[in-house]
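Listed here are the chains, written in short residue letters.
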Amino acid sequence: VSLLTTLSHIDLPSINIIVTTKDGPLLLCSDVSTLTALSPNSSVWLALFDRFMNPHDSNQMISAMSTVLTMRMQQKTSSACCFIFSDGNYSKKTRETIAALTSSIEVYKTTTISIGIGNYPTKISKISRLSVWCPDPKYLVNGINYLLGNESTSFIPNIFSFFSKEPISNDLFRFVASLIDK
């Protein structure tokens with residue numbers, strides 16, 4: 001939710017919001033501005049919360065991206081952005097299929113940006129040409145603006161991986177274990 005709230009500050013003239021369900025993709029809104037679709041009183045929020053309350057285990061990302069491709073082939077919008085919220089943790093074959101779909105979507109004047117969500121979205125960069133993730137959603141707007149070619153100098157130190165490449169130290173491990181034991 002905080003990611004979409006952050007995106008509501010980017011004034012895009014047309015947005016389609018598609019969520020995955022166990023039965024396939026569900027279109028929540030189509031050809032509506034971000035300011036309208038993501039306004040505090042929008043019915044989109046109610047639909048999103050309903051989806052969040054009914055999680056599913058099935059992977060419908062390929063189906064959702066196919067829906068985006070079909071819609072972009074039919075829309076008259078001169079250009080568009082496709083934001084893909086995902087952790088990117090799919091099988092190699094699924095990632096390759098999603099990447100092929102995002103490449104096809106870009107043929108229709110659509111910039112695709114994968115936005116990393118979850119605890120460890122390391123493979124997010126493998127499903128689209130552009131990707132961004134950071135621990136604090138308030139910095140995403142700056143990261144997305146940068147990817148779209150807009151200048152922003154204040155965000156670069158704040159967009160980073162929040163996972164250390166170094167192994168956890170024994171002292172830190174013991175400290176965390178002591179907190180759990182209490």
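Remember, it's a predicted structure, so these values are computed and weren't measured experimentally. (Residues numbered from 1 in each chain as written. Predicted model: local features only at pLDDT ≥ 70, side-chain atom pairs only at ≥ 80, totals over all residues. Heavy atoms only, no water.)

Novice: Which residues make up the pairing of strand β2 (residues 24–32), and what are the values?
Specialist: When strand β1 (residues 15–21) meets β2, the two strands line up antiparallel, connected through 6 bridges. Considered in β2, the bridge of I17 is made with C29. Counting the residues in the hairpin turn of β1 and β2 gives 2 residues. (Pairing = 2+ DSSP bridges. Helix = DSSP H or I, 4+ residues; strand = E, 2+ residues; numbered from the N terminus.)

Novice: Could you give an account of the pattern of salt bridges, naming the residues involved and the relevant values?
Specialist: As enumerated under the stated definition, the model contains 2 salt bridges in all. Residue E96 pairs with K92 through a salt bridge whose shortest N-O separation is 3.9 Å. Note that E96 and K92 are positioned in helix α5 (residues 92–106) at a spacing of 4 residues, about one turn of the helix. On the basis of relative accessibility, which here comes to 55%, the residue K92 falls in the exposed class. Where E106 meets R129, a salt bridge forms, and the shortest distance between an N and an O atom there is 3.2 Å. Here the residue E106 occupies a position in helix α5, and R129 occupies one in the loop between β4 (110–116) and β5 (130–132), the gap between them amounting to 23 residues. Judged by its relative accessible area of 61%, R129 falls in the exposed class. (Salt bridge = Lys/Arg side-chain N within 4 Å of Asp/Glu carboxyl O. Buried < 20%, exposed > 50% of the residue type's maximum accessible area, 1.4 Å probe, protein only.)

Novice: For the side chain of S86, give the residues involved together with the corresponding values.
Specialist: Positionally, S86 belongs in strand β3 (residues 80–86). With a relative accessible area of 2%, S86 lands in the buried category. At 2.8 Å, the side chain of S86 and the backbone nitrogen of G88 are in polar contact. (Polar contact = N/O pair within 3.5 Å; in protein donor to acceptor, adjacent residues only side chain to side chain.)

Novice: If you had to explain the sheet that holds β4 to someone new, which residues and values would you point to?
Specialist: Taken in spatial order, the 3 strands make up an open sheet running β3-β4-β5, and their pairing is parallel. At either margin of the open sheet sits one strand with a lone partner, and together these are β3 and β5. Averaged over all pairs of adjacent strands, the angle between their axes in this sheet comes to 25 degrees, without regard to strand direction. The pairing of β4 with β5 spans 3 bridges and is parallel. Bridged to S114 within β5 is S131. (Axes fitted to C-alpha atoms, helices over the stretch in contact; angles between N-to-C directions.)

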